[in-house]
Amino acid sequence: MKGRDLLTLIDYTPAEIEEIIDFGIEVKRNPEKYYDSLKHKTLAMLFAKTSTRTRTSFEAGMTQLGGHAIFLDWRTTNLTKGRLEEEIRCIDRYVDIIMARVYKHEEIQAIAQAAEKPVINALCNLFHPCQALADLMTIKEHKGRTSGLKIAYVGDGNNVCNSLMVCGAKLGAKISIGTPKGYEPLERAVEEARKYAEVNLYNTAEEAVKDADVVYTDTWVSMGQEAETEKRLKIFPPFQLNMKLLKLAKPDALVMHCLPAHIGQEITADVIYSKNSVIFDQAENRMHVQKALMLKLLGKA
Ligand code: CP
Ligand code: NVA
């Protein structure tokens with residue numbers, strides 16, 4: 001029987017998302033309880049793009065659960081020589097769970113279709129669901145809740161923004177997004193989020209950030225958009241998360257960034273290292289929540 005995938009979080013209920021996040025908090029508190037939970041299990045990690053956090057957190061997480069992870073770089077495998085479908089069908093015979101970072105959303109869908117084992121989207125052009133799970137876990141840890149909070153995101157309405165919006169709205173947060181015109185988040189994701197919470201889209205950073213409990217930003221040039229760098233660096237500067245912008249949020253607002261950060265572009269160094277920043281907790285929580293996710297998808301929770 002086909003295992004459950006995690007591709008977008010759109011097909012996950014608020015209760016299911018909350019369960020993964022709460023389990024992430026539990027796994028973080030009591031790592032030793034789960035040391036043998038995935039003994040003799042293997043995770044395949046397929047990367048078409050580069051990564052620091054995603055690769056390391058999944059690989060270390062799998063070690064901590066007693067399993068093994070295999071790093072498969074697109075360039076040193078035959079994933080593009082044959083059709084993706086046949087290549088995945090083979091990998092699927094060897095391993096218990098698959099995660100993949102790809103360019104196009106259709107590619108992660110094709111991987112999920114070809115595999116019997118659970119498939120996790122480790123970032124595509126449209127979504128970054130593991131990041132959103134870690135983000136909402138971090139907010140819950142620091143604020144004690146997610147419901148009723150105002151989460152503001154400024155910059156490019158990209159994959160990280162889409163997933164944060166869907167996940168945050170499902171957990172009852174009010175979402176406020178400030179992007180330049182033409183760089184708004186995915187319409188399908190906005191519609192989904194609006195089923196659960198208020199979502200406001202603005203074309204200035206100041207309006208979006210006003211009285212926010214969380215202020216989030218991400219790169220202006222995502223992986224795969226390198227050819228647009230010059231154009232984007234001209235459009236986005238009014239959306240920089242700096243101390244002046246942060247002052248418009250609540251005094252105890254959390255500052256978040258998925259990293260890698262481009263200091264002096266979307267965020268300034270003083271904001272990253274300000275008392276409001278939870279950026280490194282957020283990065284750490286990738287590992288805890290992904291451990292919880294893998295345990296859930298493999299029926300070991
Ligand atoms: N935040 C994140 O996914 O980081 P990496 O691209 O380094 O994996
Ligand atoms: N939006 C960024 C996130 C990197 C973790 C990208 O897709 O490159």
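Our subject is the structure listed above.
Now for a description of the structure that goes with this document. (Residues numbered from 1 in each chain as written. Chains lettered and ligands numbered in written order. Predicted model: local features only at pLDDT ≥ 70, side-chain atom pairs only at ≥ 80, totals over all residues. Heavy atoms only, no water.)

## A closer look at helix H12 (residues 279–297)
Our working definition: A run of DSSP states H or I qualifies as a helix once it reaches four residues; a run of E qualifies as a strand once it reaches two. Both are numbered from the N-terminal end. Any helix carries an expected span of 1.5 Å times its number of residues minus one. The reported bend at a residue is simply the angle between two axes, fitted to the 7 residues ending at it and to the 7 residues beginning with it. Relative accessible area decides the class of each residue, using a 1.4 Å probe on protein chains only: under 20% of the type maximum gives buried, over 50% gives exposed, and in between gives partly exposed.
End to end, H12 covers 27 Å across 19 residues, agreeing with the expected 27 Å (1.5 Å per residue, within 8%). Most pronounced at Asn-285, the bend in H12 amounts to some 30°. With respect to burial, H12 is a largely interior element, 14 of its 19 residues being buried. Backbone geometry just after H12 places Gly-299 at a positive phi near 70°.

## Points about the site of ligand 2
Cut-off, in case you're wondering: Whether a residue is near a molecule or strand depends on its heavy atoms: if one lies within 4 Å, it is near. Exposure was quantified through the Shrake-Rupley algorithm and a 1.4 Å probe, taking into account, for residues, occlusion by the shown protein chains and nothing else. With a 1 Å grid spanning the protein atoms alone, the term cavity applies to any set of points in which a 1.4 Å probe fits but cannot get out, the term pocket to an open set with protein on both sides within 12 Å along at least five of seven lines, and the term lining residue to any residue with an atom within 4 Å of a point. In this scheme, a molecule is assigned to a cavity or pocket if more than half of its atoms are within 2 Å of the grid points. Side-chain classes are defined by residue name, with Ala, Val, Leu, Ile, Met, Phe, Trp, Tyr, Cys and Pro counting as nonpolar, Asp, Glu, Lys and Arg as charged, and the others, Gly among them, as polar.
For ligand 2, the full set of nearby residues is Leu-123, Asn-158, Asn-159, Val-160, Asp-218, Thr-219, Ser-222, Met-223 and Leu-259. Burial of ligand 2 by the protein amounts to 94% of the accessible area it has alone, namely 270 Å². One can see that ligand 2 is located within the largest pocket. Looking at side-chain class alone, the shell around ligand 2 contains four nonpolar, four polar and one charged residues.

## Looking at the sheet that holds strand E4 (residues 119–121)
What counts here: We call two strands paired when DSSP finds no fewer than two bridges between them. For helices, the fitted line uses only the C-alpha atoms of the stretch in contact; every axis is such a line through C-alpha atoms, and the angle between N-to-C directions lies from 0 to 180 degrees. For this analysis, residues touch if any pair of their heavy atoms sits within 4.5 Å.
On the basis of which strands lie adjacent, the open sheet formed by four strands has the order E2-E1-E3-E4 and parallel pairing. In this open sheet, the two strands that pair with only one neighbour each are strand E2 (68–73) and E4. Neighbour-to-neighbour, the strand axes of the sheet open up by a mean angle of 20°, direction not taken into account. Relative to E2, strand E1 (residues 42–47) runs parallel, the two sharing six bridges. Across the sheet, the residue bridging to Met-45 is Phe-71, located in E2. Packing against the sheet, helix H4 (residues 105–114) makes contact with E1, strand E3 (97–101) and E4, and its axis sits at approximately 170° to E4.

## Considering the nonpolar core
Operational definition: By nonpolar core we mean a set of buried residues, namely Ala, Val, Leu, Ile, Met, Phe, Trp, Tyr and Cys, connected to one another through side-chain atoms within 4.5 Å.
Core analysis: the biggest nonpolar cluster contains 84 residues, and Leu-46, Ile-111, Ile-120 and Leu-133 have the highest contact counts within it. Every residue in contact with Ile-120, bar those within four places of it in the chain, is listed here: Leu-6, Phe-58, Ile-97, Ile-98, Met-99, Ala-100, Ile-108, Cys-130, Leu-293, Met-294 and Leu-297. Counting 19 residues, the second-largest nonpolar core is a separate cluster that includes Ala-205, Val-209, Phe-239 and Ile-272.

## What to know about the packing of aromatic side chains
Applicable threshold: Each Phe, Tyr or Trp ring (for Trp, its six-membered ring) is paired with any other whose centre lies within 6.5 Å, and the angle between the two planes then decides the class: stacked below 30 degrees, edge-to-face above 60, tilted in between. Put simply, a charge is over a ring when the Lys NZ or the Arg CZ is close to the ring centre, within 6 Å, and near the line of the ring normal, within 35 degrees.
Summed over the entire model, instances satisfying the criterion amount to six aromatic pairs. Seen in terms of ring centroids, Tyr-183 and Phe-236 are 5.0 Å apart; in terms of plane orientation they differ by 65°. Their pairing is edge-to-face. Taken together, the positions of Tyr-183 in the loop between strand E6 (174–178) and helix H7 (187–194) and Phe-236 in the loop between helix H9 (229–235) and helix H10 (243–246) put the pair 53 residues apart, joining distant regions of the chain. Each member of the pair, Tyr-183 together with Phe-236, is buried. The structure contains a cluster of three or more aromatic residues connected by ring pairs, namely Tyr-183, Trp-220 and Phe-236. Taking the ring centre of Tyr-103 as reference, the NZ or CZ of Lys-49 above it sits at 4.8 Å. Lying across the ring of Phe-71, Arg-55 places its NZ or CZ 3.7 Å from the centre.

## A few points about the layout of surface pockets
Selection criterion: Grid points are joined across faces, edges and corners, and a volume is the space filled by probe spheres set on the points.
Reported here for the largest pocket is a volume of approximately 650 Å³. Taken together, 38 residues make up the lining of the largest pocket; nearest its centre are Leu-123, Asn-159, Thr-219, Ser-222 and Met-223. Where the lining of the largest pocket is concerned, the elements lending two or more residues are helix H2 (53–64) and helix H6 (159–170). Among the elements that make up the lining of the largest pocket, the one with the highest residue count is H6 (three residues). Estimated volume of the second largest pocket: approximately 180 Å³. Along the wall of the second largest pocket there are 14 residues; nearest its centre are Ala-48, Lys-49, Thr-50, Asp-73 and Arg-75. A per-class count over the lining of the second largest pocket returns six nonpolar, three polar and five charged.

## A few points about the sheet that holds strand E7 (residues 199–202)
Strand pairing in a sheet takes place through backbone hydrogen bonds and is either antiparallel or parallel in direction. An order of E7-E6-E5-E8-E9 is seen for the five strands of this open sheet, with the pairing classed as parallel. Lying at the two open borders of the sheet, with one neighbouring strand each, are E7 and strand E9 (254–257). Pairwise comparison of adjacent strand axes, ignoring direction, gives a mean angle of 20° for this sheet. Here strand E8 (residues 214–217) runs beside E9; their pairing, made up of four bridges, is parallel. Its bridge partner being in E9, Val-215 is matched across the sheet by Val-255. The strands touched by H6 within the sheet are strand E5 (150–154), E6, E7 and E8, with E6 carrying the most contacts at an inclination of about 160°. On top of the sheet, H12 reaches E8 and E9; it is set at about 50° to E9, its chief contact.

## Topic: the site of ligand 1
Put simply, the rule reads: In the analysis that follows, any N or O atom pair within 3.5 Å is treated as a polar contact, provided that within protein one partner can donate a hydrogen and the other can accept it, and provided that, for residues neighboring in sequence, both atoms belong to side chains.
Around ligand 1, a shell composed of Ser-51, Thr-52, Arg-53, Thr-54, Arg-101, His-128, Gln-131, Cys-258, Leu-259 and Arg-286 is seen. Thr-52 is positioned such that a nitrogen or oxygen atom in its backbone is 2.6 Å from an oxygen atom of ligand 1. Here an oxygen atom of ligand 1 sits 2.7 Å away from a polar atom, N or O, in the side chain of Thr-54. In the complex, 97% of the free accessible area of ligand 1, which totals 250 Å², lies under the protein chains. The pocket occupied by ligand 1, as judged from atoms lying within 2 Å of grid points, is the largest pocket. Split into classes, the residues belonging to the shell around ligand 1 amount to two nonpolar, five polar and three charged.

These figures capture arrangement, not role.
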